[in-house]
Amino acid sequence: MLRIVSCVVLIALAAPVVAASKAEDCGYQADVVAAVQAARVARVGERKVAQHVADSAPAWPEKYNAVVPLVTPWVYGMKRGEVRNADLAAAWKELCLQQ
């Protein structure tokens, strides 16, 4: 009986850690989207975005650099006016947290 209670307590305590890491992951992804959005507003060419973002010394872990080529076509597929006025990072984070 004590083992079952211990397992339940450990699982309950681990749940916030998983949630925190997901929130952190989504936050980093949103930061990447914001960097790509800033490059678009600054009129950086689509092919040069990855290098431009890397040269800006981003604060996220290196593994998130792989997200840049994935979100670049999405951001560059929008009109510049839409990109300038929208909060794409917040939208991305909201969708990420819902998954």
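Residues numbered from 1 in each chain as written. Predicted model: local features only at pLDDT ≥ 70, side-chain atom pairs only at ≥ 80, totals over all residues. Heavy atoms only, no water.

1. Structural notes on the overall build of the protein chain
Point 1. Within the protein chain, the regular secondary structure consists of five helices and zero strands.
Point 2. The N-to-C order of helical and strand elements in the protein chain reads α-α-α-α-α.
Point 3. Every one of the 99 residues in the protein chain was classed for burial, and the buried ones make up 27%.
Point 4. Across the protein chain, contacts joining residues at least 24 apart in sequence account for 77% of those joining residues at least 6 apart.
Point 5. Put simply, the protein chain shows about 6900 Å² of open surface, and 62% of that area lies on carbon and sulfur atoms. (Helix = DSSP H or I, 4+ residues; strand = E, 2+ residues; numbered from the N terminus. Buried < 20%, exposed > 50% of the residue type's maximum accessible area, 1.4 Å probe, protein only. Contact = heavy atoms within 4.5 Å. Areas by Shrake-Rupley, 256 points an atom, 1.4 Å probe, with all protein chains shown as cover.)

2. Quick look at the state of the cysteines
Point 1. Summed over the entire model, instances satisfying the criterion amount to one disulfide.
Point 2. Each sulfur of the disulfide joining Cys-26 and Cys-96 lies 2.0 Å from the other. Taking the torsion about the S-S bond as the criterion, the Cys-26 to Cys-96 disulfide, at about -75 degrees, is left-handed. Of the two residues, Cys-26 sits in helix α1 (residues 2-41) while Cys-96 sits in helix α5 (residues 88-98), which places them 70 residues apart along the sequence.
Point 3. Judged by relative accessible area, Cys-26 falls into the buried class, the value being 0%. (Disulfide = S-S within 2.5 Å.)

3. Quick word on the nonpolar core
Point 1. If you look at the biggest cluster of nonpolar residues, it comprises 18 residues, and the most contacted ones within it are Val-32, Val-36, Val-49 and Tyr-76.
Point 2. At the level of elements, α1, α2 (49-55) and α3 (68-76) are the ones that each hand at least two residues to this core. (Core = buried A, V, L, I, M, F, W, Y, C linked by side-chain atoms within 4.5 Å.)

4. A word on the side chain of Thr-72
Point 1. You can see Thr-72 is positioned in helix α3.
Point 2. Classification of Thr-72 as buried rests on a relative accessible area of 5%.
Point 3. Once residues lying within four places of it in the same chain are set aside, the contact partners of Thr-72 are Val-36, Glu-46 and Val-49.

5. Topic: the packing of aromatic side chains
Point 1. Across all of its chains, the model carries two aromatic pairs by this definition.
Point 2. Judged by centre distance (5.1 Å) and plane angle (45 degrees), the ring pair of Tyr-28 and Tyr-64 falls under tilted. Of this pair, Tyr-28 sits in helix α1 while Tyr-64 is found in the loop between α2 and α3, placing the two residues 36 residues apart along the sequence.
Point 3. On the basis of relative accessibility, which here comes to 7%, the residue Tyr-64 falls in the buried class.
Point 4. Their ring planes at 50 degrees and their centres at 5.6 Å tell us that Trp-74 and Trp-92 sit as a pair that is tilted. One end of the pair, Trp-74, is in helix α3; the other, Trp-92, is in helix α5, with 18 residues separating them in the sequence. (Phe/Tyr/Trp six-rings, centres within 6.5 Å; stacked < 30°, edge-to-face > 60°.)

6. Re the confidence of the model for the protein chain
Point 1. Averaged over every residue, the pLDDT of the protein chain is 84; the share at 70 or more is 80%.
Point 2. Here residues 1-19 is modelled with pLDDT under 50, and outside its nearest four sequence neighbours on either side it reaches zero contacts, counting other chains as well. (pLDDT = per-residue confidence, 0-100.)

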